[in-house]
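Breakdown of the fold
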Amino acid sequence: MDVHGTVAEGFEPVRDAFAGNFAALGDRGAAVAVYRDGRKVVDLWGGARDVDATDGAAGPPGTEPWRRGTAQVVRSATKGVAAAVPLLLHQRGELDLDAPVGEYWPEFKAHGKERVLVRHVLNHRAGLPVLDRPLSPEDALDPLRGPRAVAAQAPVWEPGTDHGYHALTYGWMLDELVRRVTGGRGAGEWIADEIARPLDLDLWVGLPAAEEAAGRAGRVGRLPEAEPTGGGPRLRPKRAVTEAYGDPASLTRRAFAAITPFPDQNDPAYRAAALPATNGVATADGLARFYAALIGDVDGVTRRVRLFDRATMERARAKESAGPDRVLVVGTRFGLGYMLHGSASPFLSPGSFGHPGRGGALGFADPEAGVAFGYVTNGFRKTVTADPRAQALVRAVRESLRRTGSDVDRV
């Protein structure tokens, strides 16, 4: 398998780790990009753009090559992109993070949700990770029905008192909140207008018809679980985690089953919808460049662009929730919309913030190191927050920083 692209001097360990993901960890098609101080220092891709058979493919299954502009569904890595919208609205003085959601969205107040604050949506403390009546795939793609279902749902714990990952409901709450504040523009449209276009990002929450017709998105699918090489241990989930995923009545199962059955992620209708929790489509460069703009200036279409001012960046990564997660059943740490570095989701250093996508994708920024990272893949695994392929690349970035003379004690 040939690795394509370039790395700056000193970042060769990332290229080695990327190739190793194909050789030892079963990657089928993937890309990784890294920015340092606003400059791209890693831009690699390889493998096949489609993980499985495609209708009308010009060759055997999975043999059409991944190209520089190949994009993929990044699942919950979408959450980190979407989180920028309410934070930027706050930065502009248009949204109060400490206001009740019901001030902007009156219908949301039903069933004891008057005390849910805007920040509770972002820090996973709203108490609304499940729907008593899951949505069908058709209903889930409707921009009105998801928010209505959440507005009609009673909290499963007292809002603000505990945290648990809002795997799917996060997106409906955030999207409707943004619509109410902006007068009808959803998060996907806002991202396209205010983030992706100024920064020239290959990143969408709601893939446009023209990009779909151009074949920008490859097919995603489940990979078999890889056995470790070199005699290393096979990591197994804790018993409590296994039991939670196996119990239909658990918050874990119910949170991920808020859409039942889950839509086909290769369906153009799914990619065209705007689900800010799950269906972002991005290149590795688009994801990394987005995070680079959260922490510093990046060359845009017509000017240098920085999205977050210093106060917003610090607000995004300040610890809001930490400890046992009522949904994921492991210890998690969240800022406002972003996962923070920790054992469940290791990034580069304690100051890093970002978001993984279930099964593989990862995007994050580390302000102290000046690093922004994006990894996308078409092969999903069972991992939720710490995929071994992404982690191998993060370790390689850390080694590259040592080689290039960074103060590694801080990362």
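Above this text sits the structure in question.
Okay, so let's go over this structure. (Residues numbered from 1 in each chain as written. Predicted model: local features only at pLDDT ≥ 70, side-chain atom pairs only at ≥ 80, totals over all residues. Heavy atoms only, no water.)

To continue, consider the sheet that holds strand β4 (residues 72-73). Taken together, 3 strands build an open sheet; the order of strands is β4-β7-β5 and the sheet is antiparallel. In this open sheet, the two edge strands, each paired with only one partner strand, are β4 and β5 (203-204). In this sheet, strand β7 (residues 281-282) lies alongside β5 in antiparallel orientation, the contact comprising 2 bridges. Note on β7: the bridge partner recorded for Leu203 is Ala282. (Pairing = 2+ DSSP bridges. Helix = DSSP H or I, 4+ residues; strand = E, 2+ residues; numbered from the N terminus.)

Let's shift gears to the side chain of Ser345. Tracing the backbone through its elements, the reader meets Ser345 in the loop between β12 (339-340) and β13 (353-356). For Ser345, a relative accessible area of 3% puts it in the buried group. What Ser345 contacts, discounting residues up to four positions off in sequence, is Met339, Leu340, Pro356 and Thr385. (Buried < 20%, exposed > 50% of the residue type's maximum accessible area, 1.4 Å probe, protein only. Contact = heavy atoms within 4.5 Å.)

Further remarks concern the packing of aromatic side chains. How two aromatic rings sit relative to each other is set out by the distance from centre to centre and by the angle between their planes. For the coordinates displayed, the defined rule picks out 11 aromatic pairs. Centroid distance Tyr165 to Phe256: 6.4 Å. Interplanar angle 50 degrees. Geometry classified as tilted. In this pair, Tyr165 is assigned in the loop between α6 (145-151) and α7 (169-182) and Phe256 in helix α11 (residues 251-256), connecting sequence segments 91 residues apart. Aromatic side chains Tyr291 and Tyr338 sit 6.3 Å apart centroid to centroid with 70 degrees between the ring planes, which places their arrangement in the edge-to-face category. In this pair, Tyr291 is assigned in helix α13 (residues 284-295) and Tyr338 in the loop between β11 (331-334) and β12, connecting sequence segments 47 residues apart. The pair Tyr291 / Tyr338 is uniform in exposure class, with both members buried. These aromatic residues form a ring-pair network of at least three members: Tyr165, Tyr245, Phe256 and Phe334. Cation over ring: Lys113 sits above Phe108, and NZ or CZ is 5.2 Å from the ring centre. (Phe/Tyr/Trp six-rings, centres within 6.5 Å; stacked < 30°, edge-to-face > 60°. Lys NZ or Arg CZ within 6 Å of the ring centre and 35° of its normal.)

Glancing now at the pattern of salt bridges. Throughout the structure, instances matching the rule amount to 33 salt bridges. Close ionic contact of Arg145 with Asp142 constitutes a salt bridge, the shortest N to O distance being 3.6 Å. One salt bridge connects Arg216 with Glu211, and the closest N-O pair in it is separated by 3.2 Å. Among the charged side chains, a salt-bridge network with shared partners connects Arg92, Arg185, Asp193, Glu194 and Arg197. (Salt bridge = Lys/Arg side-chain N within 4 Å of Asp/Glu carboxyl O.)

Scope: geometric values only; no functional claims are made or implied.
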